[in-house]
Structure formats: structure tokens, C-alpha cells
Amino acid sequence: MSQPPTLAVRRRSLFGAAAAAAGVAALADPLASAASAAPGKPHPGSLPRDLVRAFAEPGTGTAAGFRWWWPHGLVDPREVAREVDQVADAGFGILEVADVTHSLRARDIEIDLERHGWGSPSWVAGVKAALERGAKRDVRIDITVGPSWPAAVPTITPDDDAACTELAHGRADVAAGSSYDGPVPEPAVPAASAATRRELVAVQAFRDLGTVKAVTTLDRSSLVDLTDQVRDGRLTWTPPADGAWTVLSYWRRGSAQEPEAGPHTNPRSWVVDHFSAAGSDAVVELWQDRVLDKEMRRLLAEAGGYLFEDSLEIETDATIWTPRMLAEFRERAGYDLLPHLPAVVEAHEKYLFAFTDAVATTRVRDDFNQVLSDLYRDHHLLPLQRFARSLGLGLRVQPYGLETDTVEHAALLDVPETESLGFKNLDDYRVMAGGRDMAGHTLLSCEAACYFGAAYNTTWDRALQTLNSIFAAGVNSAVLHGFAYADAPGVTWPGFAAFSPYYDGAVGYGEAWGPRTPQWRHVPDVAAYLARTQLVLQTGVPKYDVVFLRQKGWTSTGIGAPWATNDGIPLGWTHSFATPALLDLPLATVRGGVLAPDGPAYKAVVVGPDQFRGQERTIAVATARRLLELGRAGLPVVLRGDWTTAEPVGLPQDGETAEVRRLVAELAALPTTRAAATDADIPLALAALGVVRDVEHERSTVAHVRRVVGDTDLYYLANAKHAENRRLVRVTQDVWLTSTRGDAVPYLLDAWTGTITPLAAHERQGRRVRVRVDLLPGQSTVVALGAPHPGDRTPAVVASTGDVRRDDRGLLLRAATPGRHTATLAGGRQVATAVARVHEPVVPARWELVVEDWQPGRTATETVRPLRRAELTTLVPWSRVPGLEDVSGVGRYRTVVELDRSWGPEDGALLELGEVNDTFRVTVNGRALPPCDVLDTTVDLGHTLRAGRNVVEVEVASTLINRLRTVTPEVYGVAARQDYGLVGPVRLVPYVERKLTT
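**Regarding the sheet that holds strand S37 (residues 780–786)**
Whether parallel or antiparallel, the strands of a sheet pair through hydrogen bonds between backbone atoms. Read from one edge of the open sheet, six strands run S21-S30-S31-S37-S33-S34, paired in antiparallel fashion. Edge positions in the sheet fall to strand S21 (541–543) and strand S34 (756–758), since each has one partner strand and no second. Here the strands of the sheet are splayed against their neighbours by 30 degrees on average, with no regard to which way each runs. Pairing of S21 with strand S30 (residues 702–709), which is carried by three bridges, proceeds in the antiparallel orientation. Each residue of the ladder has a partner; that of Val541, found in S30, is Val708.

Structure below.
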């Protein structure tokens, strides 16, 4: 099959700004365009008007945002308002107020927490200032539910029932023929000094069958309950004569966990119990007593967005517990936990005991984790969500960190959040996207672009490779890590930064974005790109090919769907994940053989083994029954592996095993069910069921998201990194996209410039449209398939010897070489044009370089910028230019290009910049070009050049690390010096553009 020319990524080399702007106008109002255009002129078709207008001029509604790190409540309302303005002026739309002070602890800097702690009057005044200015600037202000994370309050002590609770075990070994006479065994894990109260929950004895690798095997049938035999804290007991025994005591006590990097308040805050109503009540009561007044409620309603809680980092060296655990477990799991308690006992995050029945041991642990998951949902997430909504807010949470059902929790939250630092690969994001999509919600947020040791050295090419990749996995709202409040006591230039220096004085993680960093000069370009990309990814409804039903909704594990990751995505398949709870949501209906047709529209469900429990084929009775209902309604089901010996999830109760196997057998017998013995058989099973993917291409690292709004299809395509340590290469290939409309035509949406242009080069086969993508590592593009204009008769170009594009003049062919050039139109007709000459490439001989050298001023927050000048005949990093070795800042390169008189209106040129570090902008003859994709250093100059003298300027901004290596060597001296500036090689590559007469 002949191939059309490259379409998607060389945006500025394919489509002129003026032509694209005309395309946007026509798309926004096709009838007005038809009335104003000359007769016979072709017109682009119709995309949703709201999308087109917002894409051209993105507002803050879909903009990215920042973690906004405060030094507790030591903030000036005037500076708070100024920082809201800085973020808004740069094009961002979210600020999350977060009390994060690791760097202050690293420097032993103390702040008067009585006056300036979290929730203090100064903190409240700062929040009000943020909300008031946010309302004026249309910047959403989010607020953490408490000081740092996890949720904590200063109104309790570790001994209170509302405080985080643990179960500590004690152990005494009794040799064969011996007796035990002494105090009840003390906890193996000592209590924190702040936890002064404890309660004995139970004392048990089990026959001890030996210890292997620190795990003791117990005979579950030998259980002796000794709780009632305890007298005044002592136990006297003689075991049966046969064998050694182990006496276990269980003590409930407070864990005395403080929020991260505390203290943040005076008195200290303690983490609340996330599994009881008392814990969430304590959080709500604190807000009502200390934060909320009439003015705060009004401001929250005007500018507030979400209450936010970071990941579920419940840290204890014993077993996570809650006061009503035994009663809750009995009610929710259906049996008594006490006889099985040793199976869930932990010390230092390690299980210490197991029963002879290994399967029963793991099943009890699964039931325990599920009960914890349900308690977290019912007693923490849902109450906080109700409270947030009572204030006119939503709840945004990172609901992971324990072995809980993150998928279900992602479905109930207003906004579930992920994180690029902690997640192992893209399937971790897809796990949470599955909950969002089946709930019919829109946003999946991400704590994004955070890297270890990256303070003041994070480049936007690195950040964008991360962001573009996670966008392909379902994320559509980035909260960047982060923006730091300007100042704090004892800090050094360039001001307060939450995480740098880190505890040990090392370079911290995350970047402190803002006017203190040179790249901020160009950040509005990046912000607009992110706002447009997120607009696309928040428009309409996502559509997938396959959903994987898994027993556990754990995330941040890196465990996904091996076939999809290794063989499905590389060929164009899309997939998501569900846990049983999602099958009970309103969207979980089947129509036309599709699950959730009004939502993610899964064409098939794959039921596989439990990847977290030794590939066991387990399924709950209720889940098997629900799957059978969906299968009978026509949903294609693939059973991965041998399910004839299926087992119930958790510890089986009477009759459950037989019932599960009966239901699975009926499911397997349905005509819409196929078996796949191995992962390699999954595509065969899908093919047998008639399931085909929406997107098809040769094996590559291209990943995509399809979203549908009305009869328009939006495709986000990225050369994506499955994990941060993956290396990518450029991908140039054909991609077949499925359209909702039978007559849809493709449009290119340039998220860097906001232009929308019809694609001339494409091919249609039924509802499939072929376009060609050319994606550099980490780069993305957006293609829309929408309605053509009724009067548009311009044919598609299916093959050509040069790049072909469309504008209001018709088809234009761009030739890089002289000679005869042809284009083959849909239907087979061929058109041609002859190009007599194309100018030779030009390599600039000299460059003038002027650099703003960013240095400390008189205060920790003041920056001075003396100018450094250099004349260059060879482009090299600043570190190799005398006098610029340790300079950070903004550099402006200027060169003069002389073109002979033969340069005419048909001539244009690409500017190949080669290596550029970091962000950059280009100006030609005093005219600023549209924003430049940081990942693509080839810039289309269009027809801006002219015969004679031309001035080309390239402005490049750096990170701050090279200067900080000399200013604060005790922290940043260990960092490697970065290459800065325009390194090249640079050349101008001319082309000729001709109209094709059709």
C-alpha cells in the first residue's frame, strides 16, 4: 500500500500559522466562513465549537497547576496574592496549599508554630488571601485536609480512639512439657513514647510447627483461647503434652504517627484513624472550630476547588488496626477474625506467622485487607467527601499506599490522584483510570514531574516526556511538583524550597518552579500546551478496547496486564482495569455486546488469575454471578487459564466453592465466552469473539487515548515511556484510526500553537482513516476525526513525493528537492508540479550571545541579572565558554543570514537547531514565531525569510543548578554541571511550496 507523507508531528513544517488560523475560524463557525469565503474555496469541517474556541485560547479551566508549598502559616497575604498572580499570568489554573517544610528541618530552622502553624490565624489569613485572589484570577485553590500527610489534627493524643491505631503482638515460646507462668507477653514492637495507653485484646496459644526464614508455622486447629485466664496481667498455663507451643498476646494502642515532616502545629498533630468514624469526625471538627468562619465559607464557595489528601501512608511497625476491627470484620467478612489473627500479625511490615494451610493464610489476609479497604471507604473517604461538598468543594485524594481497592476508591472520589514519582509504570495509572471511567467521572489528576535529586535541575524536556506519557495512560490533570512560597527564616537564595535541601542536606526532589527559575520566562508556552492537551483529554468520553477484571485494586505496584503491555499496546490496543465493585455501578450495563456503552465502552472483559497471590484462579460468588449476567446479555468474556477449579476470593465459607465453580462453568459455556490458556492466546480469543481494536499500527512505542464527543473522535497519540527508565526512539509510521462518522475527515490539533488544520494526506477504508505520525521520544500529537464541510470537495492525498497540506488556497506541496513532484489523490488520480530549484542549506557562521547571569541579590529572594557577552563561531555549551562556566540564566543568540535575490515568495525554510537546553523561543526579523515544542528543535520559519539580510534570534532558558553549585556548594556542589544553551549543529534548510491544481 502506498504511504501518505508525514502528517502529525512536524506541525510547524506542515502547516502555516496564517492558514491554520483560517482553519480555526472556519471550524468555529462554518456557516459564517462559507458566507465570507470566495466561491469554490474549500472549507474545513465542523468540530465542536466549544472545543475549537477553547483550544485556540485555553483558559484556566483545563490548565495544569502546582503543589504550593508553604512554610507552615508564616506567609504574608500580600505575597500570597502576588504568587497567585504569578501563576495566573503564566497560564496555570490550580494552586494546592500544602504545608511542606522538609528543607527547614534539614537546616534546623524552627518556626513559632503557636503563631504560624497549620490552622493558625496567620495560616487562615493566608488561605483567605489565596482564595480571594484566586476568585479574581480564575485560579482554583485546593487545600490539604490537614497539615502535611496523612490527615492529622492537634486536638487528639495518640491515646484517643480517633488516633491512628496499631495491634502489637507479644510472643512467648513454651517448650514441650513446660508451662507458662508470668506476665502476659510484652509487645515485640515497643510502643512510641507518646502512646501511653494500651488494651489487651486477646491471648492465644497455638502448637508451634517450626520457624523458617523468620516465619513461624502454627497449627490453626490447635488454638487455645487464653484471654479469660489472664489475672492482674499475668498468665499461668500448662499446654497439652505433645510438642512446643507459642503464646501470643495482642495489644491495641495508638501508633503515635505524626504527619510527614512534623511538627506543623502546637500542640503536635497526630494522624487520625483512617478506618473509623472517630478519625474523620476529628478532622471535620478541627475545620469547623479553627478554620471555617463566614468569610472562609464564602471564599471557598467562590474559588475553592477540592480538599486534598496525599497517599495513604499509614506507617506503623506493628499491625494496622482500628478499635472496632473485630466487630467490623465479623460483619463484613462473615466470620470471626480471632481464630485467624496470627495470619495478619506484622512487625516492621513483615508477616511473622502462617498456618499449615498456606492458601487459608493468604485468604484471611485478603479478607483483612478488603475490610480495611471498606473501612477506609466508609469511615474516611465518604465522610470527608460529604464534608467537602457541604463547603461547595470536592474531594481529591491519592487513595493508595496500602493493599486496598484503589480502583473502587477512584470511582467514588470526585478526583482521584496519581503520582509520577511513586508509580512504577503506565499500568499503575490505568488501574485508577478504570475506576474514574466506570463511575462516569472526568478527571484523573497526577502529582507530576517529581524526580529524586532534581531540585533546580529539572528540564522541561524531561518533564514533558513524563507528562506526555502519563497522559496516554488516562491522566488529564497535572498538578506539578511544585511552586514554593517565596521566603522563610534562615533560607538561602533563591528562597524557600520545600524539599531542598533534603533531610541529609542533599539536593532535594521536585522542582521549585516560579519566577526564581530562568525557564519561567518561557513557561507560558508550556502552560498553554498543557491546557490544550488537558482540554482534549477532558472532552467527551474515553473509549477502550478491553477491560481486565482483577481480584485486587492495588496500585503503585507496577503489576498490570502482561499481554496488553507487551503485545497489545505496541500494536494499538487499549485496555483498562476493573475490580468487582465497578460491575455494580450504573454504567455497568451491556448494549450491543459492549460493557458500559455510554462510558468506556469495553468490547470484552478478560478475567485472569490473581497476579498478587501466586496466579490463583479466584473469584467471589457475587462477581461470578454478575459476570454470568453480563455474559448472557452479550458481553464477550475471555477466561485466561484453567478456571475449572476456581476458588472463592477470601476464606471460603460453606458452599461457596461449589457455587463459584457452577457459575464459572455456566459462564464458560456461553457462546460469548472464550478460553485463553496463556497470554499469547488472548488475541486469538478476542479474534474468535469478533473483537477488533480501534487503532491499528505496526509494533512501536506509540500509545493513545480515544475520546468521543458527539460524532467527533479525538485521538491523543504519544511516543510514550511505559516506565521512566525506558529509552525511546523516534517513531514514524502509519496509524489507522476508527471514526464514529462514516464520512469523517482528519484534523491536526497543534497544542503548542492552538491551531487546527485539516489534514490533506490521509486514506479512508470504511470507518478507518489512515494518517501518518512522526513522533520524537516522549512527543505527542492530537488528531480529530470530524465532519467535513458540506461544500468541501478537496480530495484526500493518499501518497506524494513531498509534504502536502491544506489551507484556504487548496492543496500545497512542499518540496525539499528540485524536480517533478506528484501527489496521488483518493480515487487514483495523480497531480504533479515541477520545482526548478531549491536553495541549498545554510549554516550560520557567527553568533552573538548575550546571557543574563542569574545571581543572588541582597536578600534570599532577590536575583540580579548582569549581562555576559560572547562572540561564537562554534556553538558549545555555556560551561565551555570562558566566563560562562557556572552561569545560569537566559541567553539570546543572534545571527545574520544573507539570502540572494532569487529567494522568492514560494521559498521557505526549516531552522534545525540541533541540541537546545532547555526551553527556547525563535524570532526572525523581529517577528516572534509561535511557541516551540521543547521536544522538537526543528522549527518551521515559514515564509518569514526574505532576499538579503535576515536576523535570526534564539532565546534559550536554563535551570538554576549551575549557579547554585557555586552559591550553595554544601548542598548543590555534588550535582553535575548541566550543558546549557544552543549547542547545535544549526542550519537553515530551504524548501519550495507550490499549489497543486486538482
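**Observations concerning the packing of aromatic side chains**
Within this structure, the stated rule accounts for 32 aromatic pairs. With 5.8 Å between their ring centres and 55 degrees between their planes, Phe66 and Phe483 make a pair best called tilted. In this pair, Phe66 sits in strand S1 (residues 65–70) while Phe483 sits in strand S20 (residues 477–484), placing the two residues 417 residues apart along the sequence. A relative accessible area of 0% places Phe66 in the buried class. Exposure remark for Phe483: the relative accessible area of 2% places this residue in the buried category. A ring pair is formed by Phe423 and Tyr429, whose centres lie 5.0 Å apart and whose planes are at 50 degrees; its orientation type is tilted. Judged by relative accessible area, Phe423 falls into the buried class, the value being 6%. By way of ring pairs, the aromatic residues Trp69, Phe452, Phe499, Tyr502, Tyr503 and Tyr509 are connected into one cluster. When the ring centre of Phe577 is taken as reference, the NZ or CZ atom of Arg550 above it lies at 4.9 Å. A cation over an aromatic ring shows up here: Arg865 above the ring of Trp854, its NZ or CZ 4.2 Å from the ring centre.

**Thoughts on the confidence of the model for the chain**
Averaged over all residues, the pLDDT of the chain is 94; the fraction at 70 or higher stands at 95%. Throughout residues 1–44 the model reports pLDDT below 50, and contacts reaching past four residues in sequence, or to other chains, amount to 134 contacts.

**Section: the side chain of Thr361**
You can see Thr361 is positioned in helix H12 (residues 358–390). Setting aside chain neighbours within four positions, we find Thr361 in contact with Ala343, Phe353, Ala354 and Phe355.

**As for the packing of helix H15 (residues 460–471) against helix H16 (residues 523–537)**
Following both chains from N to C, one finds H15 and H16 inclined at 5 degrees, their axes separated by 12 Å at the closest point. Looking at the two axes, H15 sits roughly parallel to H16. When H15 is examined against H16, the residues Trp460, Leu464, Leu467, Asn468 and Phe471 are found in contact with a partner set consisting of Val523, Val526, Tyr529, Leu530, Thr533, Gln534 and Leu537.

**Section: the sheet that holds strand S27 (residues 637–640)**
Spatial ordering of the open sheet is given by S23-S22-S26-S27-S28, a layout of five strands whose pairing is parallel. Because the sheet does not close on itself, it has two edges, and the strands there are strand S23 (575–578) and strand S28 (673–676). The mean angle between the axes of side-by-side strands here comes to 25 degrees, regardless of whether they run parallel or antiparallel. Sheet topology places S27 next to S28; four bridges connect them, and they run parallel. Its bridge partner lying in S28, Val638 is registered against Arg674.

**Observations concerning the pairing of strand S36 (residues 768–775)**
Burial runs high along S36: eight of the eight residues are buried. Side-chain alternation along S36 places Arg768, Arg770, Arg772 and Asp774 on one buried face and Val769, Val771, Val773 and Leu775 on a second face that is also buried. Two elements, strand S32 (residues 731–738) and S36, share eight bridges in a ladder whose sense is antiparallel. Residue pairing in the sheet places Asp734 in a bridge with Arg772 of S36. Across three bridges, the pairing between strand S35 (residues 763–765) and S36 is antiparallel. Looking across to S36, one finds that Glu763 is bridged to Arg770. Hairpin geometry of S35 and S36 is characterised by an intervening segment of two residues between the two adjacent antiparallel strands and by a positive phi of about 65 degrees at Gly766.

**Notes on the pattern of salt bridges**
Where charged atoms from two side chains of opposite charge come close, those side chains can pair. The tally for this structure, following the rule as stated, stands at 79 salt bridges. Close ionic contact of Arg837 with Asp907 constitutes a salt bridge, the shortest N to O distance being 2.9 Å. Taken together, the residues span a long stretch of sequence, with Arg837 in the loop between strand S42 (830–835) and strand S43 (847–853) and Asp907 in strand S48 (residues 907–912) at a distance of 70 residues. A relative accessible area of 33% places Arg837 in the partly exposed class. For Asp907, a relative accessible area of 2% puts it in the buried group.

**Notes on the packing of helix H18 (residues 621–632) against helix H19 (residues 656–668)**
At their nearest, the axes of H18 and H19 sit 9 Å apart, and the two run at 15 degrees to each other. When the axes of H18 and H19 are compared, the pair comes out roughly parallel. You can see that H18 and H19 cross each other, and the crossing is left-handed. Each of Val621, Ala624, Arg625, Leu627, Leu628 and Arg632 in H18 lies in contact with H19, whose residues at this interface are Glu656, Glu659, Val660, Leu663, Val664, Glu666 and Leu667. Here the residues of the contact of H18 with H19 are counted per class, giving eight nonpolar, no polar and five charged.

**Observations regarding the side chain of Arg430**
With respect to the element layout, Arg430 can be found in helix H14 (residues 426–438). Residues in contact with Arg430, not counting those within four places in the same chain, are Ala472, Ala473, Ile569, His575, Ser576, Phe577 and His722.

**Some words on unusual backbone geometry**
Residue His481 is joined to Gly482 through a cis peptide bond whose omega torsion reads -5 degrees. Here Gly482 lies in strand S20. Between Gly984 and Pro985 the backbone carries a cis peptide bond, its omega angle lying at 0 degrees. Its place among the elements puts Pro985 in the loop between strand S54 (981–984) and strand S55 (987–996). For Gln615, which is not glycine, the phi torsion reads 60 degrees and is therefore positive.

Thresholds, definitions, all that
Residues numbered from 1 in each chain as written. Predicted model: local features only at pLDDT ≥ 70, side-chain atom pairs only at ≥ 80, totals over all residues. Heavy atoms only, no water. Pairing = 2+ DSSP bridges. Helix = DSSP H or I, 4+ residues; strand = E, 2+ residues; numbered from the N terminus. Axes fitted to C-alpha atoms, helices over the stretch in contact; angles between N-to-C directions. Phe/Tyr/Trp six-rings, centres within 6.5 Å; stacked < 30°, edge-to-face > 60°. Buried < 20%, exposed > 50% of the residue type's maximum accessible area, 1.4 Å probe, protein only. Lys NZ or Arg CZ within 6 Å of the ring centre and 35° of its normal. pLDDT = per-residue confidence, 0-100. Contact = heavy atoms within 4.5 Å. Parallel < 35°, antiparallel > 145°, perpendicular 65-115°, else oblique. Salt bridge = Lys/Arg side-chain N within 4 Å of Asp/Glu carboxyl O. Left-handed = near helix turned anticlockwise from the far one by under 90°. Nonpolar A, V, L, I, M, F, W, Y, C, P; charged D, E, K, R; others polar.

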